[in-house]
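The residues making up each chain are set out below.
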Amino acid sequence: MEKLPNDPAMLVSAINMFLRDEEFDSLDALCFCYDSDPAKLKAYLHDNGYYFNEEQKQFKAIIKGQ
């Protein structure tokens, strides 16, 4: 993959796959490789209904009411 997808759902899927399959050991390492800012990435995905779980190293859907 030359660049990260723009679609939020596809982006979450790609990032979680890279982190799960240990392609990258952290979100920061992944962002460095793809020339992305981790804070901006988290903010973009948060605005689109996802948050980053630091402990599990994955993005998850925000569930309203919890």
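Up top is the structure.
About the cut-offs
The written sequence of each chain sets the order in which its residues are numbered from 1. With pLDDT at 70 or above as the cut-off, local features in this predicted model cover only qualifying residues; side-chain atom pairs require 80 or more to be listed or tallied, and sums for whole chains, interfaces and linings still use all residues. Each side-chain value is derived from all of the structure's non-hydrogen atoms; neither hydrogens nor water enter the calculation. Numbering of helices and strands runs from the N terminus, with a helix taken as a DSSP run of H or I at least four residues long and a strand as a DSSP run of E at least two residues long. Between the first and last residue of a helix there are one fewer steps than residues, each counted as 1.5 Å, and that sum is the expected span. Only protein chains enter the accessibility calculation, which uses a 1.4 Å probe. A residue is then buried if its area is under 20% of the maximum for its type, exposed if over 50%, and partly exposed in between. Two residues form a contact once any of their heavy atoms are found within 4.5 Å. Two N or O atoms count as a polar contact when they lie within 3.5 Å, although within protein this holds only if one can serve as hydrogen donor and the other as acceptor, and sequence-adjacent residues are included solely when both atoms are side-chain atoms.

J.: Just checking my understanding: could you explain helix α1 (residues 8-20) for this structure?
T.: Note: α-helices contain 3.6 residues per turn, so residues at a spacing of three or four share the same orientation. Helix length check: α1 (13 residues) gives 18 Å between terminal C-alpha atoms against 18 Å at 1.5 Å per residue, within 8%. Of the residues making up α1, those classed as buried are Pro 8, Leu 11, Val 12, Ala 14, Ile 15, Asn 16, Phe 18 and Leu 19. Buried residues along α1 sit in contact with α2 (27-33), α3 (38-47), β1 (50-53) and β2 (58-61). Phi turns positive one or two residues past the end of α1, at Glu 22, with a value near 60°.

J.: What am I meant to see in the environment of Tyr 44 here?
T.: Structurally, the position occupied by Tyr 44 is in helix α3. Given a relative accessible area of 34%, Tyr 44 falls into the partly exposed group. Distance from Tyr 44 to Arg 20, taken between C-alpha atoms, is 21 Å for residues 24 residues apart in sequence. Once you skip the residues sitting within four places of it in the chain, Tyr 44 turns out to touch Asn 6, Pro 8 and Leu 11. Within the local environment of Tyr 44, its side chain forms a polar contact with the backbone oxygen of Asn 6, the two atoms lying 2.7 Å apart.

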